Amino acid sequence: MRIDDRARRLLARQNAGKGWWPFAYSLLIELQDDWSPENEGILDRIYRSIRGGGGIYKMTHRNRFPEVDELMARTAEEYVGESPVRIHDAAASNAITSLDLLRRLDEWFTSGGQPQAPVTILASDYYDHLDFVTIPGSQWTVAFDINQQALQVIGRRILLSGVSPPSLRYPINRMAHLIYAKRCIEAAAKCLHESIGVRRVPLFHPECLELAARDPRFELRRHDVFQRTQEKFHIIRVMNLLTPKHLTESDVQRGVSACVRSLTPGGTFVFGRTMDDDDGRPCATAISLTPSGPQIAWEVNGGAENRDLILDYCRSSE
């Protein structure tokens, strides 16, 4: 199955500033079945439009944290005596930045004479899939997130939001939403509960899925950052989540506590966010759990905005 030319034309018009149109999330099915780099732009647009709970977007892109990756490679070298070095890239969205990290680690260690980086990377995200439910005997498909929240109602020639009706500026779309959306969502929800006509599609990038299938060093998993992991890690990274922009102070504390309790003694916790969406520079801090207590190991672009608060949380979570 090939991505249709209409999707590419829409993308080209959007990139040229000639309007904006939503893409059907069901294109993810085709992108997973027939992935090629030429479809990266369409895939990126779909990821950017998908919303998880609490307003969290599945939005990231390649080469987003090069300075952080470089310092994480140096940090990983400090744990080589405990090979393999175990790294958890949590809340990693589609995991493409986790793939960037593994490639930088391989470059770092092969330049030192090793055949590949002696590491394992777990890339995780809570919103790791969508369920597409095709209603039997109809043209309608409904996309649900992992909390069974309807995100889109997809018809043959119409696309409706499952979250909110269109603006009053679009009366035809609004009328179609009032007529079809609720009815379709209720029917699809019943099918989802009974596992009828359901297609589950992962939200991890196709390249990451392909690598995870052949390289045991790279694993993809659903994980809630507010829960500690069963295994321990030398390095845990959480970017663009444990910040005042994304979460309340109490939720940041819960996330930090879970991460600290998932680290090995002497482990390193890396956190921060992309402060400026225009130039994309990440501001990040690494905290090492030293025998004398948590200490700042290194920072990028001035460090995370809430580093002092998180440092205090690390101290109280040990």
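The numbering scheme is per chain: residues are counted from 1 as the chain's sequence reads. Per-residue local features are limited, in this predicted model, to residues with pLDDT of at least 70; the limit for side-chain atom pairs, both in listing and counting, is 80 or more; totals at the level of whole chains, interfaces and linings are taken over all residues. Derived side-chain values reflect all non-hydrogen atoms in the structure, with water molecules and hydrogen atoms excluded from consideration.

1. Some thoughts on the sheet that holds strand E10 (residues 263-274)
So, step 1. With mixed pairing, seven strands are arranged side by side in an open sheet as E8-E2-E1-E9-E10-E11-E12. Among the strands making up the open sheet, the edge pair consists of strand E8 (218-222) and strand E12 (293-300). Put simply, the sheet's adjacent strands are angled 20 degrees from each other on average, direction ignored.
So, step 2. Paired strands are those between which DSSP finds at least two bridges. Segments assigned H or I by DSSP are reported as helices when at least four residues long, segments assigned E as strands when at least two residues long, and all are numbered from the N terminus. Two strands pair when backbone bridges link them, and strand E1 (residues 85-90) and strand E2 (residues 119-125) are joined in this way by five bridges, in the parallel orientation. Within E2, the residue paired with Asp89 across the bridge is Ala123.
So, step 3. Here helix H4 (residues 66-77) sits on the sheet and contacts E1, strand E9 (233-239), E10, strand E11 (282-290) and E12; the angle it forms with E12, its principal contact strand, is near 135 degrees. Each axis is a line fitted through C-alpha atoms, and for a helix only the stretch in contact is used; angles between axes span 0 to 180 degrees, taken between their N-to-C directions. Residue contacts follow a heavy-atom distance rule, with two residues in contact if any of their heavy atoms lie within 4.5 Å.

2. Side note on a nonpolar patch on the surface
So, step 1. A surface patch of nonpolar side chains, amounting to about 380 Å² of accessible area, comprises Met175, Leu178, Ile179 and Tyr180.
So, step 2. Positionally, Met175 belongs in helix H6 (residues 171-193). Candidates for patches are residues over 30% relative accessible area with no salt bridge; among them, like charges are joined within 9 Å and nonpolar side chains (Val, Leu, Ile, Met, Phe, Trp, Tyr) within 5 Å. The accessible surface values rely on the Shrake-Rupley method and a 1.4 Å probe; as for residues, cover is taken only from the protein chains in view. Should a side-chain nitrogen of Lys or Arg be within 4 Å of a carboxyl oxygen of Asp or Glu, the pair is scored as a salt bridge.

3. Side note on the pattern of salt bridges
As a working rule, side chains carrying opposite charge can pair if their charged atoms are close by.
So, step 1. Under the definition given, this model contains 18 salt bridges.
So, step 2. Ionic pairing is found between Asp215 and Arg217, a salt bridge with its closest N-O pair at 3.1 Å.
So, step 3. For each residue, the accessible area found with a 1.4 Å probe, counting protein chains only, is set against the maximum for its type, and the residue is called buried under 20%, exposed over 50%, and partly exposed in between. Accessibility expressed as a relative area gives 11% for Asp215, which makes it buried.
So, step 4. Here the salt bridges share partners, and the residues they tie into one network are Glu40, Arg62, Arg103 and Glu207.

4. With respect to the sheet that holds strand E7 (residues 198-202)
So, step 1. With respect to topology, five strands assemble into an open sheet ordered E6-E5-E4-E3-E7, the strand pairing being antiparallel. The sheet is open, and its two borders are formed by strand E6 (159-161) and E7, each paired with just one other strand. Between one strand axis and the next, the sheet turns by 20 degrees as a mean value, whatever way the strands run.
So, step 2. Relative to E6, strand E5 (residues 150-154) runs antiparallel, the two sharing three bridges. Bridge pairing in E6 links Gln152 to Ser161.

5. So, the packing of aromatic side chains
Ring pairs (aromatic) are described by centroid distance and by the angle formed between their planes.
So, step 1. Think of it this way: a Phe, Tyr or Trp ring, Trp meaning its six-membered ring, pairs with another when their centres are within 6.5 Å, and the plane angle makes it stacked under 30 degrees, edge-to-face over 60, tilted otherwise. Following the criterion strictly, the structure yields three aromatic pairs and no others.
So, step 2. Centroid distance Trp140 to Tyr180: 5.1 Å. Interplanar angle 35 degrees. Geometry classified as tilted. Residue Trp140 is located in the loop between strand E3 (129-134) and strand E4 (141-144), and its partner Tyr180 is located in helix H6; the two are separated by 40 residues in the primary sequence.
So, step 3. The rule for a charge over a ring is simple: NZ of Lys or CZ of Arg within 6 Å of the ring centre, and within 35 degrees of the ring normal. A cation sits over an aromatic face here: Arg222 above Tyr126, 4.5 Å from the ring centre.
So, step 4. Taking the ring centre of Phe226 as reference, the NZ or CZ of Arg254 above it sits at 4.3 Å.

6. Considering H6
So, step 1. The span you would expect from a helix comes to 1.5 Å times its residue count less one. Counted at 1.5 Å a residue, the expected span for H6 with its 23 residues is 33 Å, and the 33 Å between its end C-alpha atoms agrees.
So, step 2. Fitting one axis to the seven residues ending at a residue and another to the seven starting there, the bend at that residue is the angle between the two axes. The largest bend in H6 comes to about 35 degrees, at His177.
So, step 3. Where H6 is buried, its residues meet E3, E4, E5, E6 and E7.

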